[in-house]
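Listed below, chain by chain, are the residues.
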Amino acid sequence: TSSQGLRSVRFIRDNAGKAKPFFLYLATSMPHVPLGASVDFKGKHATPYADTLADLDRAVGAVMGALRAKNVAHNTLVIFTSDNGPWLSYGDHAGSSGPHREGKGTAWEGGTRVPCLMRWPGQLPAGAVSDQYIMTIDLLPTLARRISADLPKLKIDGLDVWPILSGQSSARNPHEGYGN
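Residues numbered from 1 in each chain as written. Predicted model: local features only at pLDDT ≥ 70, side-chain atom pairs only at ≥ 80, totals over all residues. Heavy atoms only, no water.

Visitor: Now, about the overall build of the protein chain: what can you tell me, with residues and values included?
Guide: Helix and strand counts for the protein chain stand at five helices and two strands. Relative to its 180 residues, the protein chain shows a buried fraction of 29%. Once local pairs closer than 6 in sequence are excluded, the contacts in the protein chain between residues at least 24 apart make up 49%. Accessible surface for the protein chain amounts to roughly 12000 Å². Of this, 55% is attributable to carbon and sulfur atoms. Averaging the positions of the 19 positive and the 15 negative side-chain charges in the protein chain gives two centres separated by 9 Å. (Helix = DSSP H or I, 4+ residues; strand = E, 2+ residues; numbered from the N terminus. Buried < 20%, exposed > 50% of the residue type's maximum accessible area, 1.4 Å probe, protein only. Contact = heavy atoms within 4.5 Å. Areas by Shrake-Rupley, 256 points an atom, 1.4 Å probe, with all protein chains shown as cover. Lys, Arg positive; Asp, Glu negative; His and termini not counted. Charge placed at Lys NZ, Arg CZ, Asp CG, Glu CD.)

Pasting the structure below:
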């Protein structure tokens, strides 16, 4: 995680603040078993999972710091999310699905509901919370419309969920009732 964070910071330093927009996709495999906290964090917290989360937190902080240092944090969209819930068969070092049933590899909420935090000053309302579902496949059509980019010629399943993201109080998930 730490080396990915450092490479991301270097990429931001080399590309941000220029006339052309930049895109950074930081896909860390942490926290994922086998856990792999760097030496700076290994053995420093209650569990190996906590060590890994602290390492991931430092990497995200470094990325945010680099955006601020390049003076682009005010107009940069940052999305932090995951692909699935915790791998519960690994015990207490693989995370928790909180009040939700099951975890990774299941269709129960504990396996599919994941955190998604977004920050885009002036575009997304700060501190807003929504209980509406969106899917990662919705990000492409939603963001493409925001930047006036064309969608792929072949139909995709994702839908524009901007009303949910932008905090419109009456917004509902466009997937509800889909296919019924």
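Visitor: Run through the pattern of salt bridges, naming residues and quoting values.
Guide: This model, assessed by the stated rule, comprises five salt bridges. Between R58 and D40 there is a salt bridge whose closest N-O contact spans 2.9 Å. Pair noted here: R58 is in helix α2 (residues 48-69) and D40 is in the loop between α1 (2-15) and α2, with a separation of 18 residues, a long-range link. Linked through salt bridges whose partners overlap, the residues forming this network are D40, D55 and R58. (Salt bridge = Lys/Arg side-chain N within 4 Å of Asp/Glu carboxyl O.)

Visitor: Please give an account of the side chain of T76 that cites residues and values.
Guide: Within the element layout of this structure, T76 appears in the loop between α2 and β1 (78-81). A residue is classified by how much of its surface remains accessible, and T76, at 12% relative accessible area, is buried. Only 2.5 Å separates the side chain of T76 from the backbone oxygen of V72, close enough to count as a polar contact. In contact with T76, other than residues within four places in its own chain, are F22, L67, R119, W120 and P121. (Polar contact = N/O pair within 3.5 Å; in protein donor to acceptor, adjacent residues only side chain to side chain.)

Visitor: Please provide a residue-by-residue account of the environment of L26, values included.
Guide: By the secondary structure assignment, L26 is in the loop between α1 and α2. For the pair formed by L26 and Q4, sequence separation is 22 residues and the distance between their alpha carbons is 7.4 Å. Once residues lying within four places of it in the same chain are set aside, the contact partners of L26 are Q4, S8 and V63.

Visitor: Which residues make up the packing of aromatic side chains, and what are the values?
Guide: Taken as a whole and judged by the stated rule, the model has two aromatic pairs. For the ring pair W120 and W162, a centre distance of 6.0 Å and an interplane angle of 80° mean the geometry is edge-to-face. Of this pair, W120 sits in the loop between β2 (116-119) and α4 (139-146) while W162 sits in helix α5 (residues 162-165); the two residues are 42 residues apart in sequence, bridging distant segments of the chain. When its relative accessible area of 15% is taken as the criterion, W120 is described as buried. For the cation-ring pair, K104 lies above W87, with the distance from its terminal atom to the ring centre recorded as 4.4 Å. (Phe/Tyr/Trp six-rings, centres within 6.5 Å; stacked < 30°, edge-to-face > 60°. Lys NZ or Arg CZ within 6 Å of the ring centre and 35° of its normal.)

Visitor: Give a description of α2 that names residues and reports values.
Guide: Look at α2: 31 Å from first C-alpha to last across 22 residues, which is about the 32 Å you get at 1.5 Å a residue. Taken together, the buried positions of α2 are Y49, D51, T52, A54, D55, L56, A59, V63, M64, A66 and L67. In the segment just after α2, N71 is the residue with positive phi, at about 60°. (Expected span 1.5 Å × (residues − 1).)

Visitor: Summarise α4; cite the residues concerned and give the values.
Guide: Side chains that are three or four residues apart share a direction in an α-helix, a result of its 3.6 residues per turn. For α4, the full list of buried residues reads L139, P141, T142 and A144. Looking at the buried side of α4, the elements it contacts are β1, β2 and α5.

Visitor: Now, about the nonpolar core: what can you tell me, with residues and values included?
Guide: The biggest cluster of nonpolar side chains holds nine residues, and these are V9, I12, A16, V63, M64, A66, L67, V72 and A73. At the level of secondary structure, the elements contributing two or more residues to this core comprise α1 and α2. In terms of residue count, the dominant contributor to this core is α2 (four residues). Those residues in contact with I12 that lie beyond four places of it in its chain are F22, L24, V63, A66, L67 and K70. W120, L124, W162 and I164 belong to the second largest nonpolar core, which has seven residues in total. (Core = buried A, V, L, I, M, F, W, Y, C linked by side-chain atoms within 4.5 Å.)

Visitor: Tell me what's going on with the environment of L159, and back it up with residues and numbers.
Guide: Residue position: L159 is located in the loop between α4 and α5. For the pair formed by L159 and I12, sequence separation is 147 residues and the distance between their alpha carbons is 29 Å.

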